[in-house]
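Residue-level listing of the chains:
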Amino acid sequence: MSGTPPSSARKGPAWAIWLPLALFVVFVVLVTVGLVRPADRNVASTLIDRPLPSFDLPSPLPGGAGLKSADLSGGRPRLLNIFASWCVPCRVEAPQLAQLAKAGVTIDGISVRDRPDALQAFLAENGNPYSRIGADNAGSVQLALGSSGVPETYVIDGKGRVRYQHIGEIRPEHVALLLGKLEAAK
């Protein structure tokens, strides 16, 4: 009697022994697919080909002009750049914004959750390519634009409609693309 199992012991279904291995294989497949084909983390604006939301932002700088949505429907295409002095990628794109401004592109800016003294120091260090800057201290205009972060740049046509959204910093290889998008927005 010592070598036989007790009659009250129950055996589970035969497939139950393979369940942990099957779950592990499913997990490995899902992780592999996620690594090979990661999801797009960019949040595209729903405003493409639609008018800008209405806004009226004060200037973040003493004596500067603020920015209203009506300012962006002046008859010719322009860039609207969402930025902040605390944003490291915004420093990376500063030379490209200067290059675009030098090429005759009108660039308006929306400074998000910034302090005037920090913004002044940022512009002194990196240059000021902006025609106007509006202070979006609550981030409400940024959210209304569908912006997922800073920096982001929008091509606005002469009627105040969003034609293109560039997510992330503008790098040297993006300058020609933006000039093309501005030309197409005429």
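This text goes with the structure placed above it.
Reference entry: report on the structure contained in this document. (Residues numbered from 1 in each chain as written. Predicted model: local features only at pLDDT ≥ 70, side-chain atom pairs only at ≥ 80, totals over all residues. Heavy atoms only, no water.)

## Some words on the pairing of strand E4 (residues 107–112)
Formally: Note on classification: 1.4 Å probe, protein chains only; a residue is buried when its accessible area is under 20% of the maximum for its type, exposed when over 50%, partly exposed between these limits. Secondary structure counts use DSSP, requiring at least four H or I residues in a row for a helix and at least two E residues in a row for a strand, with both numbered from the N terminus. Here a crossover is taken to be right-handed if, once the strands point away from the viewer, the path from the first strand over the helix to the second is traced clockwise. Paired strands, as defined in this entry, are two strands with at least two bridges between them according to DSSP.
Here E4 lies mainly inside the structure; six of its six residues are buried. Burial along E4 is two-sided: Ile107, Gly109 and Ser111 and Asp108, Ile110 and Val112, pointing in opposite directions, are all buried. Handedness of the crossover is the feature at issue here: the chain leaves strand E3 (residues 78–83), passes through helix H2 (residues 88–102), returns alongside E4, and the resulting connection is right-handed. Relative to strand E5 (residues 130–136), E4 is paired through five bridges, and the arrangement is parallel. When the sheet's bridge partners are listed, Gly109 is paired in E5 with Ile133. Between the parallel elements E4 and E5, the chain passes through helix H3 (residues 116–126) in a crossover that is right-handed.

## Focus on the sheet that holds E5
Note the cut-off: Between N-to-C directions, angles cover 0 to 180 degrees, with each direction set by a line fitted to C-alpha atoms, over the stretch in contact for helices. Throughout, a residue-residue contact means that at least one pair of heavy atoms, one from each residue, lies within 4.5 Å.
Strand order in the open sheet formed by five strands is E5-E4-E3-E6-E7, and the pairing between neighbours is mixed. Taken across any chain shown, the strands that pair with only one partner, and hence form the sheet edges, are E5 and strand E7 (162–167). Strand after strand, the sheet turns through a mean of 20° between neighbouring axes, direction not considered. Pairing of E3 with E4, which is carried by five bridges, proceeds in the parallel orientation. Its bridge partner lying in E4, Phe83 is registered against Ser111. Contacting E3, E4 and E5, H3 runs over the sheet at an angle of about 155° to E5. Its contacts with the sheet put helix H5 (residues 175–184) on E3, strand E6 (152–156) and E7, and the angle it makes with E7 is roughly 170°.

## Thoughts on empty space enclosed by the protein
Test applied: Cavities and pockets were defined on a 1 Å grid built over protein atoms only: a cavity is a set of grid points that admits a 1.4 Å probe from which the probe cannot escape, a pocket is an open set flanked by protein on both sides within 12 Å along at least five of seven lines, and lining residues are those with an atom within 4 Å of any such point. Grid points are joined across faces, edges and corners, and a volume is the space filled by probe spheres set on the points. Residues are grouped as follows: Ala, Val, Leu, Ile, Met, Phe, Trp, Tyr, Cys and Pro are nonpolar; Asp, Glu, Lys and Arg are charged; all remaining types, including Gly, are polar.
Evaluation of the coordinates by the stated rule reveals one cavity of 30 Å³ or more. In this model, the largest cavity occupies a volume close to 40 Å³. Residue lining of the largest cavity: Phe83, Cys90, Glu93, Ala94, Leu97, Phe122, Gly127, Pro129 and Tyr130, and that is the complete set. It is H2 that provides the largest number of residues to the lining of the largest cavity, a total of four residues. For the lining of the largest cavity, the class distribution of residues is seven nonpolar, one polar and one charged.

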